[in-house]
Amino acid sequence: MKAYYGRQLVQAKVNKVPENVISSAAFIGNTCQRCGQNVHGKLPNDHFYCRACLALGRVSSLDVLLSLPEPNDFDGKDILSWTGQLTPQQKVVGDELLETLSRSREHLVWAVTGAGKTEMLFPVIHQALSQKYRVAIVSPRVDVILELAPRLQQAFSQTDMVVLHGAQTETYRYTSLVLATTHQMLRFKEAFDLLIVDEVDSFPYAGDHMLAYAVKNARKINSSVIYLSATPTKVLQQQVKRHSLTTSYLPLRFHQHLLPVLKTAIVGPWRKKLPLKFLRQINQFNQTKRRFLIFVPKVSDLVGVYQNIRKHFPEISGDHVYAGDPKRQEKVQNMRNKKIQYLVTTTILERGVTFPGIDVLILGADEKIFSENALVQIAGRVGRNKDRPTGLVKAYVQHTNFKVIAAQRQIKQMNKRGRQLGGRV
Amino acid sequence: MNCQLCQTNSNHRLSLLQTFNVIKNQKKQLCQTCELTFTLITVGCLGCGRQQKTNQLCHDCYRWQQTGKKLLNHTALYQYNDAMRQFMQQYKFNGDYDLRVIFNRVLNQQINTLNADIIVPIPVSEHTMKTRGFNQTIGLIEGMAYEHLLKVSAGQKSHQSQFNRKIRMMRKQPFSMMKQISLEGKEILLVDDVYTTGNTLYHAAELLYECGAQNVRSISLSR
Ligand SMILES: [Zn+2]
Ligand SMILES: [Zn+2]
Ligand SMILES: [Zn+2]
């Protein structure tokens, strides 16, 4: 029975419904009741299936959804086994999150990259578990989930936790603590008293109605939601301005330093010929043995830029990588292990991945692929190390560009808040 | 166009001949990357169509012959490699019926070259129709005229996957005729999605021969 607590699971109408389990229609009108979307594939005999949430296993007009209300069948004896210390700013945010929990509201944590969001969540998660609440932490990105899982399990070593994502082998079981990709929320129904949505701005959550529906559907009617972001979308920012969403700011990184500012340089058509300014910069990296990332707008730019750099600096070892690269993990690992000094990359390394002590160059920062928020995220790759909390972020553009200026302004605003809290350059 | 499998959008350029309508611009279903993951069978065993160096009867087909069966002269289009396994997983088991269009044209073209009198798809059970909602083989040959001559006998699940090979070989006739008809003098072509052991197709052929069929051959998307 526990398998149905707070869940909504698909079963063919022809199969018997287990005793006491509640069965409800898979479609009302044309709308899929699992994902709230209306995108159909046709089946013979006037049947149809939902294409929108197909990746989680098909829901069709031949099916029903099975569920049981969430009973919070937990003992509440959870222990926070994490013994670290929060910085004063993290402590302030941690308290605001406890407030959020007690008021069952929605709250945004606007924290710069490298602020140490995870630790800051521990007190509120612990409080929720002690109240026998069911807690989910979700992110649209599976790599974030995989990175978070061991840290969370370590912090709550006595608590049974299940990790759910598309490629997982672990089978589902009923636990008070759930760590999952946002998609997995489609399998829950009014289950969570506290839902934490990480990287709420990142692909594929932003602007995705289905995932917004999933989160809404998975939380209890009376529940709290905490959104985490380093670069909130315009919609969230407007909500903040209208005070319809309470906000905590965490403008300082864990090492108390400000974000590196985004510098720009105007260059000629760099696809034809790598700019002298750019090559000089690399030469300097070569002299100082500094490790660096070069962001380019398109996959098709990778090889050209990489080979050109090799031609000028055959002595520096590097590589290039993109999302669909079969050797992606290996190349990223080589960069992490310092086997190579640089990587030429597309926006896939814009977030999530951390290489301590690097500098960053962005070619074609004025092109469409680099949004304001993407540029802020890229700048956030730099200065992640306590021993080198700053660094160079340089955007090479052919024209002055509003987006680049907006990104610079966003960083400046965060730094202004950070300076008020005693942040250092 | 968006690739039916990986959803990537590739703007394939029209060749000059296509632009001037010298050759017809056929709608592509797969991007080049996905298309390349499937492997056509170039030379196949005369009996079952499996990829081989020569078209000589393979060991399995030799055994079928020993049991006194008339060989099916099976034709299969693609090797059952990882890509095909994944396609079947998505199409058949995850039930993404839209994917039937991917191989529809090539399969129908191949069927047409075989000049059969009657085309008979392998049926699925009633239970499968109530859960999966479609017959995967009929989906693959959409647009082709076929006859519904066979049905899965009551109490039979048409799912093979759960039995191992030995059990499958020994299973008794899973099919029966929809109605008693005479197939006197007819050339029949059986169609299935995947040829695995041959058991399904040989059982189906046996019934059709009992109804007087002159010859029964078979085809599948994959082997
Ligand atoms: Zn759906
Ligand atoms: Zn494709
Ligand atoms: Zn053979």
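Treat the numbers as computed from the prediction; the structure is a model and nothing was measured.

> Explain the overall build of chain B here, please?
Of the regular secondary structure elements, chain B holds 9 helices and 6 strands. The proportion of buried residues among the 223 residues of chain B is 48%. Long-range contacts, defined as pairs at least 24 residues apart, comprise 74% of the intrachain contacts of chain B with a sequence gap of at least 6. In the structure as shown, chain B presents an accessible area of about 12,000 Å², 50% of it carried by carbon and sulfur atoms.

> Can you walk me through the pairing of strand 13 (residues 219-229) of chain A in this structure?
Side-chain positions along a regular strand alternate between the two faces of the sheet. All names here are of chain A. Judged by how many residues are buried, strand 13 sits mostly within the fold: 9 of 11 residues are covered. Pairing between strand 8 (residues 106-111) and strand 13: 5 bridges, direction parallel. Bridged to Val109 within strand 13 is Leu228. As defined by bridge partners, strand 12 (residues 192-197) adjoins strand 13 across 5 bridges and the pair is classed as parallel. By the bridge assignment for strand 13, Leu194 is matched with Ser224.

> Would you explain the coordination of the zinc ion (ligand 3) in this entry?
Around a metal, the idealised angle for a tetrahedral arrangement of four donor atoms is 109.5 degrees; for an octahedral arrangement of six donor atoms it is 90 or 180 degrees. Residue and element names in this part refer to chain B. Protein coordination at the zinc ion (ligand 3): the donors are Cys45 (SG), Cys48 (SG), Cys58 (SG) and Cys61 (SG), at 2.2 to 2.3 Å from the metal. Around the zinc ion (ligand 3) sit 4 donor atoms; with metal-centred angles ranging over 105 to 115°, the donor geometry is tetrahedral. In the primary structure, the donors to the zinc ion (ligand 3) are separated according to the pattern C-x2-C-x9-C-x2-C. One end of the pair, Cys48, is in the loop between helix 2 (32-37) and helix 3 (59-66); the other, Cys58, is in the loop between helix 2 and helix 3, and 10 residues separate them in sequence. Given a relative accessible area of 0%, Cys48 falls into the buried group. Here Cys58 falls in the buried class, since its relative accessible area comes to 4%.

> What is the right way to read the coordination of the zinc ion (ligand 1) from this model?
Within the protein, Cys32 of chain A (SG), Cys35 of chain A (SG), Cys50 of chain A (SG) and Cys53 of chain A (SG) serve as the donor atoms for the zinc ion (ligand 1), at 2.2 to 2.3 Å. Note that the zinc ion (ligand 1) binds 4 donor atoms; their angles at the metal cover 102 to 117°, and the shape is tetrahedral.

> Help me out: how do you make sense of the sheet that holds strand 2 (residues 118-121) of chain B in this one?
Strand pairing within a sheet occurs via backbone hydrogen bonds; the two strands may be parallel or antiparallel. Residue and element names in this part refer to chain B. Sheet architecture is open: 4 strands sit in the order 1-6-5-2, paired in parallel fashion. Sheet topology places strand 1 (75-78) and strand 2 at the edges, where each strand pairs with a single neighbour. Across the sheet, the mean angle separating the axes of adjacent strands is 20° when strand polarity is ignored. Seen against the sheet, helix 4 (residues 82-93) touches strand 1, strand 5 (187-194) and strand 6 (215-222) and runs at an angle of roughly 95° to strand 6.

> Is there a simple way to think about the nonpolar core in this case?
The nonpolar side chains of soluble globular proteins are, as a tendency, buried together. Residues and elements named next belong to chain A. Counting 62 residues, the largest nonpolar core has Ile125, Leu349 and Ile362 as the members making the most contacts within it. It is helix 2 (residues 117-130) that provides the largest number of residues to this core, a total of 7 residues. In terms of domain composition, this core takes at least three residues from each of domain 2 (88-250) and domain 3 (263-420). Apart from the residues within four sequence positions on either side, Ile362 is in contact with Leu262, Phe295, Phe370, Leu375, Ile378, Val393, Lys394, Ala395 and Tyr396. Of all hydrophobic cores here, the second largest spans 43 residues; its members include Phe27, Val162, Val200 and Met210.

> Looking at this structure, I do not really get the environment of Arg381 of chain A. What am I missing?
Residue and element names in this part refer to chain A. Along the polypeptide, Arg381 turns up in the loop between helix 9 (372-379) and strand 20 (393-397). Take Arg381: its relative accessible area is 3%, and that puts it in the buried class. Sequence-wise, Arg381 and Phe370 are 11 residues apart; in three dimensions their C-alpha atoms are separated by 15 Å. Polar side-chain contacts of Arg381 include one of 3.3 Å to the backbone oxygen of Gln377.

> Honestly, the pattern of salt bridges in this entry has me stumped. Any pointers?
Close approach of charged atoms allows side chains of opposite charge to pair. Following the criterion strictly, the structure yields 24 salt bridges over all chains and no others. A salt bridge links Glu99 of chain A to Arg103 of chain A; the nearest nitrogen and oxygen atoms lie 2.7 Å apart. Within this pair, Glu99 of chain A and its partner Arg103 of chain A are both found in helix 1 (residues 88-103), separated by 4 residues, close to a single helical turn. Under the relative-accessibility criterion, Glu99 of chain A is labelled partly exposed at 32%. Here Glu106 of chain A makes a salt bridge to Arg219 of chain A, at a shortest N to O gap of 3.1 Å. Residue Glu106 of chain A is located in strand 8, and its partner Arg219 of chain A is located in strand 13; the two are separated by 113 residues in the primary sequence. A cluster of three or more residues bridged by salt bridges with shared partners is formed by Arg51 of chain A together with Asp96 and Asp98 of chain B.

> Looking at this structure, I do not really get the domain arrangement of chain A. What am I missing?
One frequently used descriptor of interface size is the decrease in accessible area upon assembly of the parts. In terms of domain boundaries, chain A breaks down into domain 1 (2-67), domain 2 (88-250) and domain 3 (263-420). For domain 1 of chain A versus domain 3 of chain A, the distance between C-alpha centres works out to 45 Å.

> What am I meant to see in the interface of chain A and chain B here?
Opposite the 14 residues of chain A that make contact, chain B presents 13 residues. Looking at the side of chain A facing chain B, the largest losses of area belong to Val14, Pro44 and Arg58 of chain A, adding up to 36% of the total buried there. Between chain A and chain B we count 2 salt bridges in total. In terms of residue class, the side of chain A that touches chain B is built from 7 nonpolar, 4 polar and 3 charged.

> Even after reading the chapter, I still don't get unusual backbone geometry, so can you show me in this structure?
Trans is the prevailing form of peptide bonds, just as negative phi is the prevailing case for residues other than glycine. Residues and elements named next belong to chain A. Look at Asp46: it is not a glycine, yet its phi comes out positive at around 65°. We classify Asp46 as exposed; its relative accessible area is 75%. One non-glycine residue, Asn72, adopts positive backbone phi at about 50°. On the basis of relative accessible area, Asn72 is assigned to the buried category, the value being 15%.

> Can you help me understand the pairing of strand 7 (residues 63-67) of chain A in this one?
Residue and element names in this part refer to chain A. Extensive coverage of strand 7 is indicated by the burial of 5 of its 5 residues. For strand 1 (residues 9-12) and strand 7, the ladder comprises 4 bridges, and the chain directions are antiparallel. Across the sheet, Leu9 pairs through a bridge with Leu66, a residue of strand 7. Note that strand 2 (residues 22-25) and strand 7 share 4 bridges and pair antiparallel. Residue pairing for strand 7: Ser24 is matched across the bridge by Leu65.

> Whenever I open this one, the side chain of Asp359 of chain A confuses me. Can you help?
All names here are of chain A. Along the chain, Asp359 turns up in strand 19 (residues 359-363). On the accessibility criterion, Asp359 (4% relative accessible area) is buried. Residues within four places of Asp359 in sequence aside, it is in contact with Phe285, Arg290, Arg291, Phe292, Leu293, Val382, Arg388, Gly391 and Leu392.

Thresholds, definitions, all that
- Residues numbered from 1 in each chain as written.
- Chains lettered and ligands numbered in written order.
- Predicted model: local features only at pLDDT ≥ 70, side-chain atom pairs only at ≥ 80, totals over all residues.
- Heavy atoms only, no water.
- Helix = DSSP H or I, 4+ residues; strand = E, 2+ residues; numbered from the N terminus.
- Buried < 20%, exposed > 50% of the residue type's maximum accessible area, 1.4 Å probe, protein only.
- Contact = heavy atoms within 4.5 Å.
- Areas by Shrake-Rupley, 256 points an atom, 1.4 Å probe, with all protein chains shown as cover.
- Pairing = 2+ DSSP bridges.
- Donors = N, O, S within 2.8 Å, 3.2 Å for Na, K, Ca; no water.
- Tetrahedral: all angles 85-135°; square planar, octahedral: opposite > 155°, others 65-115°.
- Axes fitted to C-alpha atoms, helices over the stretch in contact; angles between N-to-C directions.
- Core = buried A, V, L, I, M, F, W, Y, C linked by side-chain atoms within 4.5 Å.
- Domains from an automatic or database assignment.
- Polar contact = N/O pair within 3.5 Å; in protein donor to acceptor, adjacent residues only side chain to side chain.
- Salt bridge = Lys/Arg side-chain N within 4 Å of Asp/Glu carboxyl O.
- Buried area = accessible area lost by both parts, 1.4 Å probe.
- Nonpolar A, V, L, I, M, F, W, Y, C, P; charged D, E, K, R; others polar.

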